[in-house]
Amino acid sequence: LPLTFENVNAFLRDGMLEINWTTATERENDHFEIEVSKDGKTWSKAGGNIKTKATDLSVTAGYSYEQTISLTGTTVMGLSLFLLSISMMFRKNKWLGLAVVLMGASTMLYSCTKANSDLSAGPQKIYVRVKQVDKNGAVSYSKVVTAVTK
């Protein structure tokens, strides 16, 4: 096996999802991805890719990893910058450009807030798993854990 997971833990604290995991072995590993689910069946990627700490493709040593992901709408800032760049197309008609930016930003803010509140609200469970991707694109998954509130 190219990778063996040892421990996977997930914690909720102050609107943040903290994931810690260790590997017993890593071989030809490229990166990890964190996936979350409300029901344990439908999964979505949370956060960016986490590069392997193994520097050699044939390393069989284990490593410890840690990732913290916000469950609030932090992606709105990046999307707002995108909208701002779109508004530059409307330089001659600044009011139209401003209207496009405001409508887009408010729509994204609402949708991001709604989607994230589904994960961060209330006593519901958040299921977490770590997806491992090999250099050749093959994937494997850690065991599924439930995020514990701290």
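Residues numbered from 1 in each chain as written. Predicted model: local features only at pLDDT ≥ 70, side-chain atom pairs only at ≥ 80, totals over all residues. Heavy atoms only, no water.

A.B. asks: Account for the packing of aromatic side chains, naming residues and giving values.
C.D. replies: By the definition in use, this model includes 4 aromatic pairs. Plain terms: the ring middles of Trp21 and Phe32 are 5.3 Å apart, the flat faces sit at 65 degrees to each other, and that makes the pair edge-to-face. Of this pair, Trp21 sits in strand S2 (residues 16–26) while Phe32 sits in strand S3 (residues 29–37), and the two are 11 residues apart along the sequence. With relative accessibility at 2%, the residue Trp21 sits in the buried group. An aromatic cluster is defined as three or more aromatic residues linked by ring pairs; in this entry it consists of Phe5, Trp21, Phe32 and Tyr65. For Arg129, the ring lying beneath its charged end belongs to Tyr141, and the centroid distance is 4.0 Å. Taking NZ or CZ as reference, Lys150 lies 4.2 Å from the ring centre of Phe11, over its face. (Phe/Tyr/Trp six-rings, centres within 6.5 Å; stacked < 30°, edge-to-face > 60°. Helix = DSSP H or I, 4+ residues; strand = E, 2+ residues; numbered from the N terminus. Buried < 20%, exposed > 50% of the residue type's maximum accessible area, 1.4 Å probe, protein only. Lys NZ or Arg CZ within 6 Å of the ring centre and 35° of its normal.)

A.B. asks: Lay out the sheet that holds strand S5 (residues 64–70) with the relevant residues and their values.
C.D. replies: The strand order across the open sheet built from 4 strands is S5-S2-S1-S9, with neighbouring strands paired in mixed fashion. Each end of this open sheet is capped by a strand with a single partner; those strands are S5 and strand S9 (148–149). Of the pairings in the sheet, the one linking strand S1 (residues 3–13) to S2 comprises 9 bridges and is antiparallel in character. Each residue of the ladder has a partner; that of Val8, found in S2, is Trp21. (Pairing = 2+ DSSP bridges.)

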